[in-house]
2 protein chains.
Amino acid sequence: MNIPQRIEALRARMRDAQVSLYLVPTSDFHGSEYVGEHFKCREYLSGFTGSAGTLLVGLEEAWLWTDGRYFLQAARQLEGSGITLMRMGEEGVPTLSGQLARLSGPGAALGFDGRTLSARFVNGLRRQLPGLALKPDLDLAGEVWPERPALSRRSVWELDARIAGRTRAQKLEQLRSQMEKEGAELLLLPCLDEIAWLLNLRGDDVACCPVFLAYALVERERVRLFAAREIFSPELADALTRDGVELCPYEGIFEALRGLPGGSRLWLDSAAANYALFASLPAGTHVTDKPTPVVLAKSVKNEAEIEGERTAHLYDGIALTKFLYRLKTGGVEGLTELSAARILEELRRGQPGYLGPSFETISAYGTHGAVVHYAPTPETDLPLEARSFLLVDSGGQYRTGTTDVTRTIALGPLTGQERQLYTAVLRGHLALAAARFRQGCTGRNLDYLARAPLWEKGLDYNHGTGHGVGFLLNVHEGPNNIRWRPAQNPADDAVLLPGMITSDEPGIYLDGRFGVRLENLLLCTQTQRTEYGVFLGFEPLTLAPFDRQAILPGEMTGEERALLNRYHQHVYETLAPHLSPEEARWLQAETLPL
Amino acid sequence: MNIPQRIEALRARMRDAQVSLYLVPTSDFHGSEYVGEHFKCREYLSGFTGSAGTLLVGLEEAWLWTDGRYFLQAARQLEGSGITLMRMGEEGVPTLSGQLARLSGPGAALGFDGRTLSARFVNGLRRQLPGLALKPDLDLAGEVWPERPALSRRSVWELDARIAGRTRAQKLEQLRSQMEKEGAELLLLPCLDEIAWLLNLRGDDVACCPVFLAYALVERERVRLFAAREIFSPELADALTRDGVELCPYEGIFEALRGLPGGSRLWLDSAAANYALFASLPAGTHVTDKPTPVVLAKSVKNEAEIEGERTAHLYDGIALTKFLYRLKTGGVEGLTELSAARILEELRRGQPGYLGPSFETISAYGTHGAVVHYAPTPETDLPLEARSFLLVDSGGQYRTGTTDVTRTIALGPLTGQERQLYTAVLRGHLALAAARFRQGCTGRNLDYLARAPLWEKGLDYNHGTGHGVGFLLNVHEGPNNIRWRPAQNPADDAVLLPGMITSDEPGIYLDGRFGVRLENLLLCTQTQRTEYGVFLGFEPLTLAPFDRQAILPGEMTGEERALLNRYHQHVYETLAPHLSPEEARWLQAETLPL
């Protein structure tokens, strides 16, 4: 079936179900950013493969919302589909809620699978559009997708407590004391990474994210873990039992919630939990509606996690530096975006503890560098030439941590503008990494540092400067971030704390010309405590040189050059013992003081 | 009567009125920061003269909350009063709401004058403490204050439309179109500066603030201005009538609100309007509860207002520079904090259009400089010596604008630490003034710039970096500010817009040693508009040299010295033609490039 046929099949089901609108978000049942194959209904129905997008199908028309990263790609992929592209944030383009308001009225009914939308979103719709009937129990997209992949059920493995830094029992004890403080008898964890972190378990149900499909319901005396029974080995199941974790069927969560005693005091973040969970609660349940304590506990890395991240970044830095050496000294003859990415993947695979990529590698040559979330495919794969930039944003999952790094590499002679903008992005990157700030600051207080060299020139980049990074978990995690605009949900603008890991990745994108992005992961650390307060700073975890060929030293202040030189010296001293003599010599030259 | 006697007299009235608690905030009926003499009940009852503080009197105990600026002063002034000082923000010190929660219970009743507390605060109490009975109609403080000054009724004068930049009619037309957009038939203005700005009127009912006591109720066809009839000349009353402004008795506002037709659609900001106003609304009134459009319109200065501010700052800069010349060349023999302040006031009075100070001058020598809001009195007045710093924070109301400026002046040799910290504060001041940022930023995005040189050293100052400034109005006005912490009320963290005037005043305060604060007013301007957005910056309005004797040039980067040199050149070129030859020569030397 082509896309219009799929949409027509959906419309037939919509008529049967008596809904005039059907909503297909990009989500699994856990609010995950990246989803398993079973959940790619929006992609199946629209043909649009980007990682973010929401499809609304009416009986005559259909619309797909996506953000600036994907405007070009979505326009191309929606051609001939009959689906109208809604460019989010552009003037005159209605929001999803705005469009639903316009389409609501007598007889209008919106169907969706209540497991794929957050309770907060659906409750908000109910409040804002009382005239729109909601039918939240319709998995129509699944019905019209004959070859839909089954739910993933890959094996779960246990993370050694020495690597995790805390035993499962210790983590549960801390969580329960926080529940008690809040007066909550039960706590529902709908998010896959929170469950994995809390229980020291890892899985493989979502590409690049070592999580497994589950819900967890934490009580004083037990934890019920709702997941496919066969993904646990007998030994692991025993170990869980010893820690009071009972295994229950994945879909059993809804029945369990419906069976809660009346008046139960439940901690459930309606921004994270899906609507079907919320709708299963007995009337009279007292809900503490805010982020669970696991969000913060997970984001503040303990000593073992930090140590592990350092190890992972050492190995990752070795692989990436070998890759840079290969590109800069071996020439690019015969290489393409994809084959270059494969070389890097090979080098990572040669490192101890490497498990796989932490996200799909962005290997973007020349004009492709200006497409923020470009990922090469055989159809788009550009041959590399000995000029302009190759932008490589990639990362790995290691046994002891998660990496995410971007380098923009001069493959040959650069234009003055290329060097000028590379230098401006680098200056912003270095300024943010060097920030010293009082505890209490959020990323909003610091984002200016990364953008200032661009804003000065009337330039900007249309994405956040930094995101939190998980510990052998999702490469994007909250609540820490570096952004200049306020988050829609204030809970997402967290105070930065020692132990948090956040990316520092300013960029610049000139449509049809080139793109530059430079990214290290920064560990937040305490620098001093005085009578004026606690002061924090950052320490770079990422180890790889910036490209001196792309830098205009005259456009940097002496302080900025000193920051770069200090970082480069650290990179050289840490990596050199692990490189071949030729690689080390090359790295030494690349990291000489500017 | 001494303070304990006054408190006892109040308790007798409390028993009569059957309340166990009585609350006395620092406020008039309009939420003003500074209040007229009639409203200084908290000062009368407690003896504490600071500008911020809240007194809660129980039948046995009494408590006074104030902030860090006033801890020392309040501790001294409350000695022997029987009132417990509650240091706001200190660990273990309950908040006012926390204390009320502890004291509420069977039989507890809280009395207050509902005109002196905001509707939002009282409604919040009602929600949070359903067990606490509220008696909001008790002006007991007034009853026990025999010699209480009458309400001020000083003459109102009209601001020429050429100075205001818009006629009253134009401003009303704009406001009404905004009301219409919001679907509001009526709009209540409870704030004195909003009324003065909207109607191009100025008064003299609050020291240093050219406002007059009034409420205004704006409708489609008329404005009812509730104020003492005798403060308007017949000519002014006629002019107002021509613009559809009806004069009504000051206290008539409550009756007018009670008489609104059922179902009226009224715009009223419950954070600004007092509770008695809110309580006067007929049931079923539809309230649009958010800041009035006047707040933003007033903060974004029009071309005439900006031109006027430039003129005011020129005159103010001349006076201040003459003062600096006098101190730096004439020696400080025989001078004190107060007499120095009088010299400055004399010099301002010699300038065209000067009306008076815009706030009480802070003239703080040596150790007094560390007391953030120190104002000298005959009892505390220190003689100046030829060493250390004199910190002078002062400002003027002029016919065409309001100024606010702080200079910290080396009266003789300085210690290394004094110069080091002066330089750090100056670096922060200059960095903020030089910010270039995308429209959409608030002060939270920029505050880091002012604090970075201190935070680097583990130092900080315990106040905001900047506040909005009115146009021939209050020296502190919202919604713009520069702060790093989020405001309690998000509406107070406004996006910075071209035309807004904000202070830039970092400082450092070493208890028992000295203080440094450096303040210019900055006009926000558009610097460029590109495909990436609209970019803004600041232009300093204040004209006066910084003290080169206090600067350690070696601690500044080349860029920072260039910023200072550029500002100093601008100060010299603008002021020199208005100074005597000796003053100009001195200023030239003071502003030579570093």
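Residues numbered from 1 in each chain as written. Chains lettered and ligands numbered in written order. Predicted model: local features only at pLDDT ≥ 70, side-chain atom pairs only at ≥ 80, totals over all residues. Heavy atoms only, no water.

(A) A look at the interface of chain B and chain A. With 30 residues of chain B at the contact, the number on the chain A side is 30 residues. In total, about 2,600 Å² of surface goes out of reach between chain B and chain A, with carbon and sulfur atoms giving 54% of it. Interface area lost by chain B to chain A is led by Arg444(B), Tyr448(B) and Tyr532(B), which between them contribute 25%. Here chain B is connected to chain A by two salt bridges. The tally of links from chain B across to chain A stands at 16 residue pairs in polar contact (both at pLDDT 80 or more). (Contact = heavy atoms within 4.5 Å. Buried area = accessible area lost by both parts, 1.4 Å probe. Salt bridge = Lys/Arg side-chain N within 4 Å of Asp/Glu carboxyl O. Polar contact = N/O pair within 3.5 Å; in protein donor to acceptor, adjacent residues only side chain to side chain.)

(B) Expanded view of the sheet that holds strand E6 (residues 133-135) of chain B. All names here are of chain B. Taken in spatial order, the six strands make up an open sheet running E4-E3-E2-E1-E5-E6, and their pairing is mixed. The two strands at the open ends of the sheet, each matched to only one other strand, are strand E4 (84-87) and E6. For this sheet the average axis-to-axis angle between neighbouring strands, irrespective of direction, equals 20°. In terms of strand pairing, strand E2 (residues 54-58) meets strand E3 (residues 62-66) through four bridges, oriented antiparallel. By the bridge assignment for E3, Val 57 is matched with Ala 62. Strand contacts of helix H1 (residues 3-17): strand E1 (21-24), E2, E3 and E6, with the helix running at about 65° to E2, the strand carrying the most contacts. (Pairing = 2+ DSSP bridges. Helix = DSSP H or I, 4+ residues; strand = E, 2+ residues; numbered from the N terminus. Axes fitted to C-alpha atoms, helices over the stretch in contact; angles between N-to-C directions.)

(C) Molecular detail of the packing of helix H18 (residues 558-575) of chain A against helix H19 (residues 581-590) of chain A. Residue and element names in this part refer to chain A. It is the contact of H18 with H19, at a shortest axis distance of 9 Å, that shows an interaxial angle of 170°. Considering their axes alone, H18 and H19 lie roughly antiparallel with respect to each other. Along its contact with H18, which presents His 568, Val 571, Tyr 572 and Leu 575, the element H19 presents Ala 584, Leu 587, Gln 588 and Glu 590. Among the residues making up the contact of H18 with H19, the classes are represented as five nonpolar, two polar and one charged. (Parallel < 35°, antiparallel > 145°, perpendicular 65-115°, else oblique. Nonpolar A, V, L, I, M, F, W, Y, C, P; charged D, E, K, R; others polar.)

(D) Inspection of the packing of helix H8 (residues 168-182) of chain A against helix H9 (residues 192-199) of chain A at higher detail. Residues and elements named next belong to chain A. Taken N-terminus to C-terminus, the directions of H8 and H9 make an angle of 115°; their axes are 7 Å apart at the nearest point. Contacts between H8 and H9 involve Arg 168, Lys 171, Leu 172 and Leu 175 from the first element and Trp 197, Leu 198 and Leu 199 from the second. Among the residues making up the contact of H8 with H9, the classes are represented as five nonpolar, no polar and two charged.

(E) Local environment of the relation of the copies chain B and chain A. Under the fitted operation, chain B is carried onto chain A by 0.0 Å of movement along the axis and a turn of 180°, and the coordinates agree to an RMSD of 0.0 Å. In the structure described here, the two chain copies are related by an operation that fits a two-fold rotation axis. Every residue of chain B has its C-alpha some distance from the rotation axis, and the shortest such distance is that of Asn445(B), at 2.5 Å. A share of 100% of interface residues in chain B that are also interface residues in chain A marks the association as one of identical surfaces. (Least-squares fit on C-alpha atoms with pLDDT ≥ 70 in both.)

(F) Fine view of the nonpolar core. Ranked by internal contacts, the top residues of the largest apolar core, which has 148 residues, are Phe437(A), Phe538(A), Phe437(B) and Phe538(B). Among all residues touching Phe437(A), those that are not within four sequence positions of it are Leu446(A), Leu496(A), Cys524(A), Val534(A), Phe535(A), Leu536(A), Gly537(A), Phe538(A), Tyr448(B) and Trp455(B). Counting 57 residues, the second largest nonpolar core, distinct from the first, contains Ala216(B), Leu236(B), Cys248(B) and Leu257(B). (Core = buried A, V, L, I, M, F, W, Y, C linked by side-chain atoms within 4.5 Å. Buried < 20%, exposed > 50% of the residue type's maximum accessible area, 1.4 Å probe, protein only.)

(G) Fine view of the environment of Phe48(B). Residue and element names in this part refer to chain B. When you line up the elements, Phe 48 lands in the loop between helix H2 (41-46) and E2. Taking relative accessible area as the criterion, Phe 48 reaches 0% and is therefore assigned buried. If sequence neighbours within four positions are ignored, Phe 48 has contacts with Arg 42, Glu 43, Gly 53, Leu 64, Thr 66, Tyr 70, Gln 73, Ala 74, Gln 77 and Leu 78.

(H) Representation of H19(A) within the structure. All names here are of chain A. Within H19 the residues assigned to the buried category are Glu 583, Ala 584, Trp 586, Leu 587 and Glu 590. Seen from one end, H19 has its buried residues packed into an arc of 160°, which puts them on one side. Looking at H19, the residues exposed on the side facing more than 90 degrees away from the buried face are Pro 581 and Arg 585. Among the structural elements, helix H14 (303-330) and H18 are those in contact with the buried residues of H19. (Arc of directions from axis to C-beta.)

(I) Fine view of the sheet that holds strand E15 (residues 354-357) of chain A. All names here are of chain A. Judged by pairing direction, the sheet is antiparallel, and its three strands sit side by side in the order E15-E18-E19 without closing on themselves. Edge strands, defined here as strands with exactly one partner in the open sheet, are E15 and strand E19 (401-402). By the bridge criterion, three bridges tie E15 to strand E18 (residues 396-398) in an arrangement that is antiparallel. Directly across from Pro 357, in E18, lies its bridge partner Gly 396.

(J) Up close: unusual backbone geometry. The peptide bond linking Gly478(A) to Pro479(A) adopts the cis configuration, its omega dihedral lying at 0°. Positioned with a positive phi, Cys208(A) is a non-glycine residue whose angle comes to about 75°. Turning to its location among the elements, Cys208(A) is positioned in the loop between strand E9 (201-202) and strand E10 (215-218). If you check the backbone angles, Ser388(B) has positive phi at about 60° while not being a glycine.

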